[in-house]
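# Coordinate inspection notes
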Amino acid sequence: MRKRAETDIPFSRPTVSRADMAAVMRVLRSGWLTTGPVTAALERAVAERLGVRYAVATSSGTAGLQIALESLGIGPGDEVITTPMTFTATAEAITRAGARPVFCDITPGTLNIDPVAVARRITKKTRAMVPVGIGGIPCEMTALRRSARQHGMVIVEDAAHSLGATYHDRPIGRWAQATVFSFYATKNMTTGEGGMIVTDVRRLAERARLLANHGITRPTWMRETDAGREGYRYDVETLGRKANLSDVAAALGLSQWRRFDRLIAKRRRIADWYRDGLAGCDLIAWPAVPARSLSSCHLCQVLLRIEQLRVGRDRVWSALKQAGIECGVHFIPLHHFTYYRRTFGLKPQQFPVTEDAYRRVLTLPSYPAMTRRQVRQVTETLVAVLEAHRR
């Protein structure tokens, strides 16, 4: 067994400051805990920074994806193209919306959906695509948008990892009819649990807001603050769901948003440290980033050159775990799971590039509080493990 690292290094750790806690306490003392003025302030702040017209906060990124699809009229009988190299939430949202997910392979050298494969899978039933920027590396949106225009499709971008990323010098959030972010605990900015739909389409935003709050036309906060004659009255225009974000959660998010530049700068610095520390190692490769684009650096993923090793990725993962370093694997492709194999007849051989990437991918620890010394521990241990198993 290898010598244990001096300090155990977790895979991720939420970054919560005293200012974050104070912001949450102010809401708790205010007497108004559910969706209200703080949630609205967070929506305005995100929309303003990204340069979009509308933002709708939701209880999770998963709920946001489903609501965005439904708001665009996607439902039973429709096909929606996406990738198997993603978390189950992506395909789950498509299926919950009533549509059928159609899975495409990824581009070699990346972890993101292949625009060429997408073009091949389009049928008369294809109404939308849901590309996913794995780890915060943007998809090739130019090619995907071209296919969408040619076939009258809409794009709902799963940007769960991509807050702070840019593609061709423009923020992620401005490339699709709807873009959905996640504010889960490990994300670049968190509300604990939560998400947000951003769009320039007014009707989509209005519909999404309605669906996220039971289909009610005048939510509770509006009724409480409205001094007009309507008072307590409201209408239920459609069947919605309970997917609103509370002011308690939004307070944490808004506080973090005010220092978002610092949080993402730390993640990018950590990514640079990793690249420096692994620069001389010929046993790994890095997922490609599109030209004129920046990753959000939500995840720090490497691709092991397993053809040069005597062991597979899982043995490397286990050796790092034994050394006190927690790593991840993002992601186990969806065709490895019982539900997707049984329901959609998926098989590994249908996705050879995804399968190859899955055998190689390893996600290294990365979070804003991580120190250079910790990164050095990870890189030195990883290199030692790989060299010990070199062919």
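Residues numbered from 1 in each chain as written. Predicted model: local features only at pLDDT ≥ 70, side-chain atom pairs only at ≥ 80, totals over all residues. Heavy atoms only, no water.

Right, let's get into the sheet that holds strand E11 (residues 300-304). Taken in spatial order, the three strands make up an open sheet running E10-E11-E12, and their pairing is antiparallel. Every interior strand has two partners, whereas the edge strands, strand E10 (284-285) and strand E12 (361-364), have only one. Relative to E11, E10 runs antiparallel, the two being bridged by two bridges. Bridge pairing in E11 places Ala 285 opposite Leu 303. Helix H11 (residues 313-322) rests against E11 and E12 of the sheet, and its axis sits at about 20° to E12. Across the face of the sheet, helix H13 (residues 352-360) comes into contact with E11 and E12 while running at roughly 45° to E12. (Pairing = 2+ DSSP bridges. Helix = DSSP H or I, 4+ residues; strand = E, 2+ residues; numbered from the N terminus. Contact = heavy atoms within 4.5 Å. Axes fitted to C-alpha atoms, helices over the stretch in contact; angles between N-to-C directions.)

Attention now moves to the environment of Phe 351. Here Phe 351 is to be found in the loop between helix H12 (338-344) and H13. For Phe 351, a relative accessible area of 3% puts it in the buried group. The sequence separation of Phe 351 and Arg 258 amounts to 93 residues, and the corresponding C-alpha distance is 41 Å. (Buried < 20%, exposed > 50% of the residue type's maximum accessible area, 1.4 Å probe, protein only.)

Our next topic: unusual backbone geometry. Across the junction of His 330 and Phe 331, the peptide omega takes the value 5°, indicating a cis bond. Backbone geometry places Cys 297, a non-glycine residue, at a positive phi of 55°. Within the secondary structure, Cys 297 sits in the loop between E10 and E11.

This part covers the packing of helix H10 (residues 260-277) against helix H14 (residues 372-388). Between H10 and H14, the shortest axis-to-axis distance is 10 Å and the interhelical angle comes to 40°. Considering their axes alone, H10 and H14 lie oblique with respect to each other. Every pair of crossing elements has a handedness; the one defined by H10 and H14 is right-handed. In contact with Ile 270, Trp 273, Tyr 274, Asp 276 and Gly 277 of H10, H14 contributes Arg 372, Val 375, Val 378 and Thr 379. Class assignment of the residues belonging to the contact of H10 with H14 gives a composition of five nonpolar, two polar and two charged. (Parallel < 35°, antiparallel > 145°, perpendicular 65-115°, else oblique. Left-handed = near helix turned anticlockwise from the far one by under 90°. Nonpolar A, V, L, I, M, F, W, Y, C, P; charged D, E, K, R; others polar.)

This part is about the pattern of salt bridges. In total, this model carries 14 salt bridges according to the counting rule given. Between Asp 20 and Arg 259 there is a salt bridge, and its shortest N-O distance comes to 2.3 Å. Highlighted residues: Asp 20 in helix H1 (residues 18-30) and Arg 259 in the loop between helix H9 (247-257) and H10, separated in sequence by 239 residues. A single burial state applies to Asp 20 and to Arg 259, both of which are buried. Because the salt bridges share partners, they merge into one network encompassing Glu 307, Asp 356, Arg 359 and Arg 360. (Salt bridge = Lys/Arg side-chain N within 4 Å of Asp/Glu carboxyl O.)

Moving on to empty space enclosed by the protein. Across all of its chains, the model carries two cavities of 30 Å³ or more by this definition. One number sums up the size of the largest cavity: a volume of about 70 Å³. Along the walls of the largest cavity sit 14 residues, with Pro 14, Thr 15, Ala 185, Lys 187 and Arg 267 positioned nearest its centre. Across the lining of the largest cavity, the residue classes tally to five nonpolar, six polar and three charged. Empty space within the second largest cavity amounts to approximately 40 Å³. Split into classes, the residues belonging to the lining of the second largest cavity amount to three nonpolar, five polar and one charged. (1 Å grid on protein atoms, 1.4 Å probe; cavity = no way out; pocket = protein on both sides within 12 Å on 5 of 7 lines; lining within 4 Å. Points joined across faces, edges and corners; volume = space filled by probe spheres on them.)

One pass over the structure, following the stated rule, counts eight aromatic pairs. Seen in terms of ring centroids, Tyr 339 and Tyr 340 are 5.0 Å apart; in terms of plane orientation they differ by 85°. Their pairing is edge-to-face. Tyr 340 gets classed as buried once you look at its relative accessible area, which sits at 4%. Each member of the aromatic cluster is reached from another via a ring pair, and the members are Phe 103, Tyr 339, Tyr 340 and Phe 344. Positioned above the aromatic ring of Trp 175, the side-chain terminus of Arg 170 is 4.5 Å from the ring centre. In this arrangement the basic side chain of Arg 275 is found over the ring face of Trp 286, its NZ or CZ atom lying 4.4 Å from the centre. (Phe/Tyr/Trp six-rings, centres within 6.5 Å; stacked < 30°, edge-to-face > 60°. Lys NZ or Arg CZ within 6 Å of the ring centre and 35° of its normal.)

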